[in-house]
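Structural features, examined
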Amino acid sequence: MMTKMAFSAWQVLISLTAALLFACSITVHAEEPAGSDKASEPGQAATSSQKKPDEAATNARAAPGEVADKIDAATDEIADDDLDDPDKVADTSDAAKDEKTDDVADTAKDQKSDKTVDTADAAKDEKAGDVADKGDTANDAKVDDTADAAKDEKTDDSTSVADAALPSPDPILVRIREKLSVLGRRVREEDVTALYEYYGDPGSSALWVTTSGLTDKGRAAIKEIRKADDWGLRASAFELPVVNGSDVSLDATADAEVKLALAVLKYARHARGGRVNPTHISKIIDRKPPLLAPSVVLTEIAASDEPGDYLQSLHPKHGQFHKLRAVLLKLRGGEEIEPRPKVDPALNVRIPPGRLLRSGVEDAQVALLRKRLKVPAVDPSQENVFDEEVHEAVIAFQRSKRLQPDGLVGNGTRARLNGRRAPVVNRTPGKQIQRILINMERWRWLPEDLGEFYVWDNVPEFLTRVAKNDKIIHTDKIVAGQPSWPTPSFSADMKTIVFHPSWGVPAGIKRKELLPLLRKSSGGGFFFFGGGYTSQAVLDAHDLRVSYNGKPINPNSVDWNSVNINAFSFTQPPGPKNVLGTVKFMFPNKHSIYMHDTPEKEIFARSFRGESHGCMRVAQPRRLAEILLAQDKGWSAARVRSMFSGYSRDVKLDTPIPVHVTYMTARVDENGRLRTYGDLYGMDSRVASALLGRPVRFGTPRYEDGPSTGNSGQPVRPRARKKKQKQAPATLADAIQNLFAP
């Protein structure tokens, strides 16, 4: 029994020794240089060991001594005959066992951080190649092998990534870029830049052609471009590729791709009005076509499944554009569209030079005079007699032409009787087609969106229209600029309606018309009717007030021969003489053009109304104000009418109303018939010449009554009139009447 207990005690001693050795092993690892931590894998264990590094190191150093002392003490107790007492031996064994357990637990607890660090170090060392634990020789070999393997693996990985990121270039794209680099100046720089950007994208591909021939998109684009004539363009202006066979060489593929891409960009530009720059045709055309950037066209047509539909969508959406196109297609099909005008045979009667015709005279020319003035003889035998009916007809004619109403038919009256012939309309389809093409081009220059509610002033037609949701809701007559003071073509937003406006004389009228009158008055000379007049009289004749630096001055105190008239301001206050009437419609623009009322209502009875200095007079301005303010503010007609009986005031519109001033010499009416108008400023020939690249002589229908200034009514290029003997007006107001009208 004693032997058995002694044996158990020795088991305890051996266990304690093993624990000591284990603790020492831990201590050795804990006391390794701190630098070895650099190879540790980051993680939770490393983090825990870093929290209390001083405490862990202290526990690691103290633990081996404490365990050794306890083992020596236990050994001494066993060696001092304590084995004779079984209970003591058991107690000792139990105590040692408990102490061992406590010590081991304390040691494990104290060394947990160090053990964790060792584990992390070991893991790190193992990841680095397990070099330190396997010996120097194995270490060297493994380091070399590992380095070589890592290097080879890194090289292989880099090559793989490079191969994946940079695929081999498409040979078609490479050849396309080569073609683009040699295009030179014959192609627009903007187009070439857009093509470079598109085909330079690594993700791009050819759109129109492959080495197997045309793509579906390529065939659709070519088909639509070949129909350019149906849209008022010229199909011959576009160079299209010819792709033969199903096996196309790389060079031919690239050439066809570039050629068709350029044709698409050119078509888009022409469809949007970019064939010519309208401002280069005339300074009175203030239009900027709504062109699309080539890069936008390429992106949009590449994304479209129907390139033909996309190209069609680039043309104007305006109703008149498509109506003109419909007429164009009918004319090219041989159908006559424009109605024949009613010809008044009286206008073709010519009265040759001869003696003075007067009441009571009998002459063969009187019969011609009757036909011209539509005064048939009641008795056919009296056809050559200049009777009272003929006399009254001659006086009425002279008054209508602002001639001396004396009832005498001399050479002057004969010239006016012969100066107007019946309208001559060229009925050949070619001329009608040309006129349509010119006006289709003008529609391309207008903004894409005219507005849901807008005002349309067409100068050659002398009409203004108000449109709402693409329907004309109001039409009225206007007076436009005379050929020497043309009304420009432009678009602007109406922002203000002014009731009972004052009028400031524009610089052009001051310089060209007012200044000559004031200079004559300063010289004390005689004007027109032979009487002297003062500068004040000139201004009073049109109720004008003059000021300098904002202060009123006496016009008689100024020597108008030596001053700059633009330094003076001339204003006409509201009133019955005001040339603007009772209302004006303001749409700010650089041309200082606006619409307004006028006290001279008789001019609206004429078909030719090119009489103003550029601004547009309206026949029914009150009705126009009612329509515009009902739309903008919801005002009743009664409220608008009340504005005309009050004082001067400005009404600001809540929403600006677009105003489009156009120069359309052809229009399709509600019945689908083509209507043409006189070429007031001779612009049709200029536009046709610009589009065709060669001089074009283009005649248009005459106005029925011609300009009141006395030219023939064919105002393409107004002819110079022969100087006539001046007739004395009754008053100074008569002498300068209509000079200052805007």
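The numbers attached to residues start from 1 for each chain and follow its sequence in the written order. In view of the model being predicted, local features appear only for residues whose pLDDT reaches at least 70, and side-chain atom pairs are presented and counted only at 80 or more, with totals across whole chains, interfaces and linings using the full set of residues. Side-chain metrics rest on all non-hydrogen atoms present in the structure, leaving aside hydrogens and water.

Here's the deal with the sheet that holds strand β8 (residues 545-548)
The sheet built from four strands is open, its strands ordered β7-β10-β8-β9 with antiparallel pairing. The open sheet terminates on both sides in strands that have one partner only, identified here as β7 (503-504) and β9 (551-552). For two strands to be treated as a pair, DSSP must find no fewer than two bridges joining them. To qualify as a helix, a DSSP run of H or I must reach at least 4 residues; to qualify as a strand, a run of E must reach at least 2; elements of each kind are numbered from the N terminus. Across two bridges, β7 lies against strand β10 (residues 568-572) in antiparallel orientation. Looking across to β10, one finds that Trp503 is bridged to Gln572.

With respect to the confidence of the model for the protein
For every residue, the pLDDT score states the predictor's confidence, bounded by 0 at the bottom and 100 at the top. Counting all residues, the mean pLDDT for the protein is 77, and 67% of those residues have values of 70 or more. Here residues 708-738 is a poorly scored stretch, pLDDT under 50, and it has 54 contacts once near neighbours within four places are set aside; other chains count. Only heavy atoms enter the contact rule, under which two residues are in contact if any of them lie within 4.5 Å.

Regarding helix α21 (residues 621-633)
Look at α21: 17 Å from first C-alpha to last across 13 residues, which is about the 18 Å you get at 1.5 Å a residue. A positive phi of about 75° marks Gly634, the residue just after α21. Between the first and last residue of a helix there are one fewer steps than residues, each counted as 1.5 Å, and that sum is the expected span.

Here's the deal with the packing of aromatic side chains
Any Phe, Tyr or Trp ring, taking Trp's six-membered ring, that has another such ring centre within 6.5 Å forms a pair; planes under 30 degrees apart are called stacked, those over 60 apart edge-to-face, and the others tilted. Taken as a whole and assessed by the stated rule, the structure comprises ten aromatic pairs. Here Phe238 and Tyr267 contribute two aromatic rings whose centre-to-centre distance is 5.5 Å and whose plane-to-plane angle is 45°, an arrangement assigned as tilted. Of the two residues, Phe238 is situated in the loop between α9 (216-225) and α10 (250-271) and Tyr267 in helix α10; the sequence distance between them amounts to 29 residues. Relative accessibility decides the category of a residue: with a 1.4 Å probe and only protein chains considered, values under 20% of the type maximum give buried, values over 50% give exposed, and everything between is partly exposed. Classification of Tyr267 as buried rests on a relative accessible area of 0%. Aromatic ring contacts, followed pair by pair, group Tyr548, Trp560, Phe568 and Phe570 into a single cluster. Each ring is checked for a lysine NZ or an arginine CZ that lies within 6 Å of its centre and within 35 degrees of its normal; such an atom marks a charge sitting over the ring. Cation over ring: Arg325 sits above Trp231, and NZ or CZ is 3.7 Å from the ring centre. The lysine or arginine in question, Lys584, covers the ring of Tyr594, its NZ or CZ lying 5.2 Å from the ring centre.

So, the packing of helix α8 (residues 189-200) against α10
Two elements in contact, α8 and α10, have axes whose closest approach is 11 Å; the angle formed by their N-to-C orientations is 125°. Considering the angle they form, α8 stands oblique to α10. Classified by chirality, the crossing of α10 by α8 is right-handed. Seen from α8, the contacting residues are Asp191, Leu195 and Tyr199; seen from α10, they are Glu257, Ala261, Leu262, Leu265 and Arg269. For helices, the axis comes from a line fit to the C-alpha atoms of the stretch in contact; other axes are also lines fit to C-alpha atoms, and the angle between any two N-to-C directions lies between 0 and 180 degrees. Should an angle fall under 35 degrees it is taken as roughly parallel, and over 145 as roughly antiparallel, whereas 65 to 115 is taken as roughly perpendicular and any remaining angle as oblique. Left-handed describes a crossing whose near helix is turned anticlockwise from the far helix by less than a right angle; the clockwise case is right-handed.

Examining the nonpolar core
Only buried residues count toward a nonpolar core, which is a set of Ala, Val, Leu, Ile, Met, Phe, Trp, Tyr and Cys residues joined through side-chain atoms within 4.5 Å. Ranked by internal contacts, the top residues of the largest apolar core, which has 71 residues, are Met494, Ile497, Trp560, Phe570, Phe585 and Leu628. Once residues within four sequence positions are removed from consideration, Met494 is found in contact with Val455, Phe585, Met586, Phe587, Leu628, Leu653, Pro656, Ile657 and Val659. Core analysis: the second largest hydrophobic core is formed by 60 residues, Ile172, Leu298, Ile436 and Leu446 among them.

A look at the pattern of salt bridges
For this analysis, a salt bridge means a side-chain nitrogen from Lys or Arg found within 4 Å of a carboxyl oxygen belonging to Asp or Glu. On inspection of all chains with the given rule, the structure shows 27 salt bridges. We note a salt bridge from Glu448 to Arg272, for which the minimum N-O separation is 2.9 Å. Taken together, the residues span a long stretch of sequence, with Glu448 in the loop between α18 (429-445) and β3 (453-458) and Arg272 in the loop between α10 and α11 (278-281) at a distance of 176 residues. Judged by its relative accessible area of 49%, Glu448 is partly exposed. Asp543 serves as the salt-bridge partner of Arg545, at 2.8 Å between the closest nitrogen and oxygen. Taking the relative accessible area as the measure of exposure, Arg545 reaches 44% and is therefore partly exposed. In this structure, a network of salt bridges that share partners links the residues Arg175, Glu178, Lys179 and Asp251.

Here's the deal with the side chain of Asn439
Positionally, Asn439 belongs in helix α18. The buried category is assigned to Asn439, whose relative accessible area is 0%. Apart from the residues within four sequence positions on either side, Asn439 is in contact with Leu324, Tyr663, Met664, Thr665 and Ala666.

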